[in-house]
Amino acid sequence: MNTFCLNPVKGFINNLFQDKEPWQIVTITSTTIFTTIWLWNFVVQDESLIERGKKQLFRLRNYIPAIRNKINKGLNNINLSFEAEALQKTKGVPFILDLPSNGMEKVEILKIVQNCVNLGGYDWKNGKVSGTVYVSDSKLVHLMGDVYKIASYTNPLHPDVFPGICKLEAEVVRIACHLFHGDEDSCGTMTTGGTESILLACKTYRDYARHMKGIKNPEMVIPITAHSAFDKAAQYLKIKVRLVPVNPHSYTVSIKHMERAITRNTVMLVGSTPNFPYGTMDNIEAISNLGIKYNIPVHVDACLGGFLICFMPKAGFNIPPFDFKLPGVTSISADTHKYGYAPKGSSIILYRNKSYRHHQYTITTDWLGGIYGSPTVNGSRAGGVIASCWATLMYFGYDGYINATTNIILTTKYIEQNLRKMDGIFIFGTPATSVIALGSNDFHIYKLSEALNAKGWNLNPLQFPSGIHICVTSVHTEPGVANKFLKDVETELSIILKNPNIPVKGKLAIYGMSQTISDRTIVGDFTKYFLDSMYYTPKNQTASNGPEI
Ligand SMILES: *Cc1c(COP(=O)(O)O)cnc(C)c1O
C-alpha cells in the first residue's frame, strides 16, 4: 500500500527548488564545512558524525530568513492540500464532531461503519492491493466476529479474573515455539503487532546487555533492509543504529560488513526472513555464527514471513535454516496478523529462554496501586484479540497453513517466473517467500507503478534505489488474479517502453523527487503533515457535507 498521497507535495518541491538562490547561498557558505566533515568522516569512518554535521548545517540554513520563510510557506501549502485530500477521500460520509445527544440505534451505527469501510478506491478484497490484506474468507470473518463478541470485554491484565484468556495466550505462544523449533526453555509473549514485538526485543537486549555486560551506550547492528520498526525502537530506547549494507546482487546483508560493524557496545544482531523491501532472506546461519563468536544475541525478524517459512519445508519448498535450530538465534518475531491470517492487532515475540524474557518485563514494585508487573508495552490488553488469534490458528490447523503456504509460494513463483521473461524490468535478488521487488534500467520504475495504479493495482514504492514491490497474499491466489496482474504489467510495459524517457507523473513523482532532497528534515516535515491529515476533521459539519451515501 502507498503510505502517501503526495500529489500536492510535488508542487511544493518544484517551487522550492525552482529558484535555486537560497541553495546557492547555503552551498557557498557551507562548502568548506562539508569538505571538512567529509574529510573527517573519511578518516574516522564515523557515520553519526557526518549525519550530525549535515543536520547542523541544515539547522544553520534555517536561520536564514529567506529560506526559512520559503520552506514554511511551502509546508503550509502542503498541509492545506493534505487536508483537502483527506476531505476528498472521505466524501459522502459526514463527519460527526460531537457525541450524539441520544445514543444511536444499532442499524444506524452499522450503516455508518460500513460506509466508512467502503471508502477508498481500491478493491482490497479481490487482490488489487500488495500485502495489507492477507486473507479473504467470509467463514473466517464470521468466526472472528463471534469469537470477539464472546471475549470482547476480557483483559489478561487480570489473570485472576480471566485465567482462560491467559491460557489462550500461553497456548498461542507455545504453538509458535514449537513451529520455530524452540525447546522446553523457549518462551515468549503475544503483542499487538510486529512493531511492538521488535520494540520489545530491542528493549530486552538493551537491558540484558546492561545487566550482563554493563553496556551503557548500546548499539544495534542491523541490515539496511531491516524494518523501520528497528529505527523506531532505537529512537524510543536510545539505542544507536549501525546499518550494514547488502550484497550487490543478492540484496541480503553483507556478513563481512556486519562483522565489521560489531563493537564492544553491540547489544544485538538482526536478520530478516525475509525483509520487507525486497523479500530477500538474510543468511541467518552466518549471523547466528557471528552471535556465538562474539557472544551477542541474534534477533530474527520473521514478522512478515514467519508463518510462511515455518511451513515451507513441509510444503516442499527449500528454505535455509533460520529458527531456534540455529544455536545463535535468541529471539524471533512473527506476525500472526500477517500470514497467520488473524485479524490485525496480534504478533508474537519468542525467546530462546526465560533469562531474555525477564528483561522484556516492566516491574514496578513500589507503586501505591500495588506491585505492578506487565509483560509487554500495554497495561490492559485486548482479550478479544488474543481469543481471535487463537481461534484463527485452530480454524486453519496445520494442514490449512500448509495449503495456504503452498498456494502463496506457487503463485509468487509463477508471477516471478513470468516477470523475469519481460523486457525492461529486473527483479531485486531472489524472492525468498512472497515479495517480488522490481526495478528497471530502461525507464523510471515508478512509471510502471503509476500505470498499474490507473488499473486499480496498489503496489509498494521503494527508494534508494527506486523500486516497487508486490507482496503476494492468499487474496492473490484466487483464480485469475495473478494472470490479470501479469497481463496488466505486460500491457503497460509495452506502452512505457515505446517512450521510456517520459518522466514520472502523478503521485509517485514526489517519491522520486524526495529521494534527491538531501535535507531529510524537509521530507520529515511534510511526512508529519501527512500524518496530521489522518486526524483531520473539518471545523464544522457544513464544510464536510458531501452527498450522503
Ligand atoms: C510488517 C513488518 C514488520 C512490522 O510489523 P507491524 O505489524 O506492521 O508493526 C516488521 N518487519 C517486517 C519484515 C515486516 O514486514
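Described in the following lines is the structure provided in the data block. Computed from a predicted structure; not experimentally measured.

### A closer look at the site of the ligand
If you check the shell around the ligand, you find 13 residues, and the closest are Gly194, Thr195, Asp301, His337 and Lys338. Within the contact set of the ligand, an oxygen atom lies 2.7 Å away from a side-chain nitrogen or oxygen of His337. One nitrogen or oxygen atom from the side chain of Lys338 is found 3.1 Å from an oxygen atom belonging to the ligand. Isolated, the ligand exposes 380 Å² of accessible area, and the fraction of that covered by the protein chains is 85%. Top element by residues in the shell around the ligand is helix H8 (residues 194-213). It accounts for three residues. Considered class by class, the residues forming the shell around the ligand number five nonpolar, five polar and three charged.

### Points about the sheet that holds strand E10 (residues 426-427)
Either a parallel or an antiparallel arrangement is found when strands of a sheet pair, and the pairing is made through backbone hydrogen bonds. Here four strands make up an open sheet; going across it, the order is E10-E11-E13-E12 and the pairing antiparallel. Every interior strand has two partners, whereas the edge strands, E10 and strand E12 (460-462), have only one. Here strand E11 (residues 435-439) pairs with strand E13 (residues 467-471) via four bridges, running antiparallel. By the bridge assignment for E13, Leu438 is matched with Ile468. Along the sheet face, helix H14 (residues 383-420) touches E10 and E11 and points at about 15 degrees away from the line of E11.

### With respect to the nonpolar core
Residues Phe180, Tyr339, Tyr341, Leu419, Ile425, Leu438 and Leu448 are the most contacted members of the largest nonpolar core, which totals 91 residues. Top contributing element to this core by residue count: H14, with 13 residues. Dropping the residues within four chain positions of it, Phe180 is found in contact with Gly306, Cys310, Phe322, Asp323, Phe324, Ile332, Ala334 and Leu350. Of all hydrophobic cores here, the second largest spans 26 residues; its members include Ala201, Ala229, Ile239 and Tyr351.

Criteria and thresholds
Residues numbered from 1 in each chain as written. Predicted model: local features only at pLDDT ≥ 70, side-chain atom pairs only at ≥ 80, totals over all residues. Heavy atoms only, no water. Near = heavy atom within 4 Å. Polar contact = N/O pair within 3.5 Å; in protein donor to acceptor, adjacent residues only side chain to side chain. Areas by Shrake-Rupley, 256 points an atom, 1.4 Å probe, with all protein chains shown as cover. Helix = DSSP H or I, 4+ residues; strand = E, 2+ residues; numbered from the N terminus. Nonpolar A, V, L, I, M, F, W, Y, C, P; charged D, E, K, R; others polar. Pairing = 2+ DSSP bridges. Contact = heavy atoms within 4.5 Å. Axes fitted to C-alpha atoms, helices over the stretch in contact; angles between N-to-C directions. Core = buried A, V, L, I, M, F, W, Y, C linked by side-chain atoms within 4.5 Å. Buried < 20%, exposed > 50% of the residue type's maximum accessible area, 1.4 Å probe, protein only.

By themselves these figures say nothing about function.
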